[in-house]
Amino acid sequence: MYNRRMVRRLTLPLLAALVLTGCESREVEKDLSIVEVHTGWYDAGVQSDGNTKLVPSVSFELQNVSDREIASVQLNAVFRRVGEAENWGEHFIRAIDTGGLAPGSNTGSLVLRSPRGYTSTDPRLQMLQNKEFIDAKAEIFGKHGSRNWVKMGEFQIDRQLLTE
């Protein structure tokens, strides 16, 4: 009888501790690092109006630099033209699903692209050299659990053509 009572008394606090541990919000800016970054202008193809479209693109991996597994991480890339405060497009993804990412491990390549870009009848490489062309940057924000969005990095979009 004594053992059953003791088990019952310990069960509830242990379950509560497990649930609270699972609900913990992590500091993604400390637990994850952005690595293997590549930027450029993605060839989004010929549009319905006959113009070719190029959009800013950033690809990278997340590396778990903490000593614990992390799961359910969301990312949002905010694209802006250099020198302008106006948002020029966003791309939201779930970067790490509920399966989690082990300590020291990397995600696969994550690709985020703005839905907005430049369109022209000019050849693609000429578009990048046009005097009207304004460079862009991508700000990457991350979030885990109930925490607020936090900036994890900012990357200048290279003036290079990407086909993948």
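None of the values given here were measured: they were computed from a predicted structure. (Residues numbered from 1 in each chain as written. Predicted model: local features only at pLDDT ≥ 70, side-chain atom pairs only at ≥ 80, totals over all residues. Heavy atoms only, no water.)

Visitor: Teacher, can you tell me more about the confidence of the model for the chain here?
Guide: Regions with low pLDDT carry predicted coordinates that are not meant to be interpreted in detail. Model confidence for the chain is summarised by a mean pLDDT of 89, while 86% of its residues fall at 70 or above. pLDDT under 50 marks residues 14-21. Its contacts with residues more than four places away, or in other chains, come to zero contacts. (pLDDT = per-residue confidence, 0-100. Contact = heavy atoms within 4.5 Å.)

Visitor: Would you take a moment to explain the nonpolar core for this structure?
Guide: A general trend in soluble globular proteins is that nonpolar side chains are found buried together. One finds Leu32, Trp41, Phe60, Leu62, Leu75, Ile96 and Ile140 to be the most contacted residues of the largest nonpolar core, which totals 30 residues. Residues within four places of isoleucine 140 in sequence aside, it is in contact with Ile34, Val58, Phe60, Leu75, Asn76, Ala77, Val150, Lys151, Met152, Gly153 and Phe155. (Core = buried A, V, L, I, M, F, W, Y, C linked by side-chain atoms within 4.5 Å. Buried < 20%, exposed > 50% of the residue type's maximum accessible area, 1.4 Å probe, protein only.)

Visitor: Could you clarify how one ought to interpret the packing of aromatic side chains in this entry?
Guide: Any aromatic ring pair is given by two values, namely how distant the centres are and how the planes are angled relative to each other. Going through the model one piece at a time under the given rule, you end up with six aromatic pairs. Pairing tryptophan 41 with phenylalanine 133 gives two aromatic rings, centres 4.9 Å apart and planes at 70°, and the pair type is edge-to-face. Of this pair, tryptophan 41 sits in strand S1 (residues 32-46) while phenylalanine 133 is found in the loop between helix H3 (124-129) and strand S7 (136-144), placing the two residues 92 residues apart along the sequence. Here tryptophan 41 matches phenylalanine 133 in class, with each residue buried. Ring geometry for phenylalanine 92 against tryptophan 149: centres 6.2 Å apart, planes inclined by 75°, an arrangement best described as edge-to-face. Here phenylalanine 92, found in strand S4 (residues 87-96), pairs with tryptophan 149, found in the loop between S7 and strand S8 (150-156); they are 57 residues apart in sequence, far enough to count as distant. Within the aromatic cluster, the residues linked to one another by ring pairs are Trp41, Trp88, Tyr118 and Phe133. Between arginine 113 and the ring centre of tyrosine 42, over which it is positioned, the NZ or CZ distance is 3.5 Å. (Phe/Tyr/Trp six-rings, centres within 6.5 Å; stacked < 30°, edge-to-face > 60°. Helix = DSSP H or I, 4+ residues; strand = E, 2+ residues; numbered from the N terminus. Lys NZ or Arg CZ within 6 Å of the ring centre and 35° of its normal.)

Visitor: In this structure, what is going on with the sheet that holds S7? I would like to understand it.
Guide: Two pairing modes exist for strands in a sheet, parallel and antiparallel, and in both the strands are linked by backbone hydrogen bonds. Pairing in this open sheet of four strands is antiparallel, and the strands run S4-S3-S7-S8 from one edge to the other. Pairing within the sheet leaves two strands with one partner each, and these edge strands are S4 and S8. Averaged over all pairs of adjacent strands, the angle between their axes in this sheet comes to 20°, without regard to strand direction. Relative to S8, S7 runs antiparallel, the two being bridged by six bridges. Bridge pairing links isoleucine 140 to glycine 153 in S8. (Pairing = 2+ DSSP bridges. Axes fitted to C-alpha atoms, helices over the stretch in contact; angles between N-to-C directions.)

Visitor: For this particular structure, what's the right way to read the pairing of S1?
Guide: Put simply, side chains in a regular strand alternate between the two faces of the sheet. Where S1 and strand S2 (residues 52-64) come together, twelve bridges link them in antiparallel fashion. Bridge pairing links isoleucine 34 to leucine 62 in S2. From the end of S1 to the start of S2, which pair antiparallel, there are five residues, and glycine 50 there has a positive phi angle of about 90°. For S1 and strand S9 (residues 161-162), the ladder comprises two bridges, and the chain directions are parallel. Across the sheet, tyrosine 42 pairs through a bridge with leucine 162, a residue of S9.

Visitor: I tried to follow unusual backbone geometry on my own but got confused; where do I start?
Guide: Most of the time, phi is negative for any residue but glycine, and the peptide bond is trans. Even without being a glycine, glutamate 36 presents a positive backbone phi close to 55°. Mapping glutamate 36 onto the fold places it in strand S1. Unusually for a residue other than glycine, serine 72 sits at a positive phi of about 55°. In this structure, serine 72 sits in the loop between S2 and strand S3 (73-81).

Visitor: Where do I start with the side chain of lysine 143 in this structure?
Guide: Looking at the element boundaries, lysine 143 is found in strand S7. There is no salt bridge for the buried lysine 143, and the closest opposite charge comes from glutamate 29, which lies 11 Å off by N-O distance. For lysine 143, the side chain forms a polar contact with the main-chain oxygen of arginine 147, separated by 3.2 Å. In contact with lysine 143, not counting residues within four places along its chain, are Val28, Ser72, Val73, Gln74 and Trp149. (Lys, Arg positive; Asp, Glu negative; His and termini not counted. Salt bridge = Lys/Arg side-chain N within 4 Å of Asp/Glu carboxyl O. Polar contact = N/O pair within 3.5 Å; in protein donor to acceptor, adjacent residues only side chain to side chain.)

Visitor: Please clarify how the pattern of salt bridges should be interpreted in this entry.
Guide: Note that side chains of opposite charge can pair when their charged atoms are close. Here the structure, examined in full by the defined rule, presents ten salt bridges. Note that glutamate 154 and lysine 137 form a salt bridge whose closest N and O atoms lie 3.5 Å from each other. With a gap of 17 residues between them, glutamate 154 in strand S8 and lysine 137 in strand S7 connect regions that are remote in the sequence. Within this structure, Arg80, Lys137, Glu139, Lys151 and Glu154 form a network of salt bridges that share partners.

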